[in-house]
Amino acid sequence: MTTVEPIASTHPAFDQVAALFDDYRAHYGQPSTPENTRSWLHEQVTQHRLTAAAAIRAEEV
């Protein structure tokens with residue numbers, strides 16, 4: 001079963017979402033910086049500047 005869930009910085013899938021966001025950035029020509037991207041995304045979500053959601057199936061985003 002697939003569910004769509006909001007992804008808080010404490011959600012178990014947050015690291016997978018951050019990795020996908022880094023892949024998205026790299027696709028559009030930005031350098032891949034997984035730790036910087038994760039940190040930036042964490043701050044944005046924690047400060048309620050950005051909301052993230054993901055489709056999750058069998059614990060995979």
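Residues numbered from 1 in each chain as written. Predicted model: local features only at pLDDT ≥ 70, side-chain atom pairs only at ≥ 80, totals over all residues. Heavy atoms only, no water.

**Student:** Even after reading the chapter, I still don't get the overall build of the protein chain, so can you show me in this structure?
**Tutor:** A tally of regular secondary structure across the protein chain gives two helices and two strands. The order of α-helices and β-strands along the protein chain, N terminus first, is β-α-α-β. A globule of 61 residues ought to have a C-alpha radius of gyration of about 10 Å, and the protein chain, at 12 Å, matches this closely. By its C-alpha atoms, the protein chain is 35 × 25 × 15 Å across when sized along the principal axes. Of the contacts formed within the protein chain by residues at least 6 apart in sequence, a portion of 60% connects residues at least 24 apart. With an accessible surface of roughly 4500 Å², the protein chain has 54% of that area assigned to carbon and sulfur atoms. (Helix = DSSP H or I, 4+ residues; strand = E, 2+ residues; numbered from the N terminus. Rg over C-alpha atoms; globule rule 2.2 N^0.38 Å. Contact = heavy atoms within 4.5 Å. Areas by Shrake-Rupley, 256 points an atom, 1.4 Å probe, with all protein chains shown as cover.)

**Student:** Help me understand the nonpolar core, please; the structure alone is not making it clear to me.
**Tutor:** It is characteristic of soluble globular proteins that their nonpolar side chains tend to be buried jointly. Formed by Ile-7, Ala-13, Phe-14, Val-17, Ala-18, Leu-41, Val-45, Ala-52, Ala-54 and Ile-56, the largest nonpolar core amounts to 10 residues. Elements that contribute at least two residues to this core include exactly α1 (14–27), α2 (34–46) and β2 (53–57). Beyond its immediate sequence surroundings of up to four residues, Val-45 is in contact with Ile-7, Ala-8, Ser-9, Phe-14, Leu-50 and Ala-52. (Core = buried A, V, L, I, M, F, W, Y, C linked by side-chain atoms within 4.5 Å. Buried < 20%, exposed > 50% of the residue type's maximum accessible area, 1.4 Å probe, protein only.)

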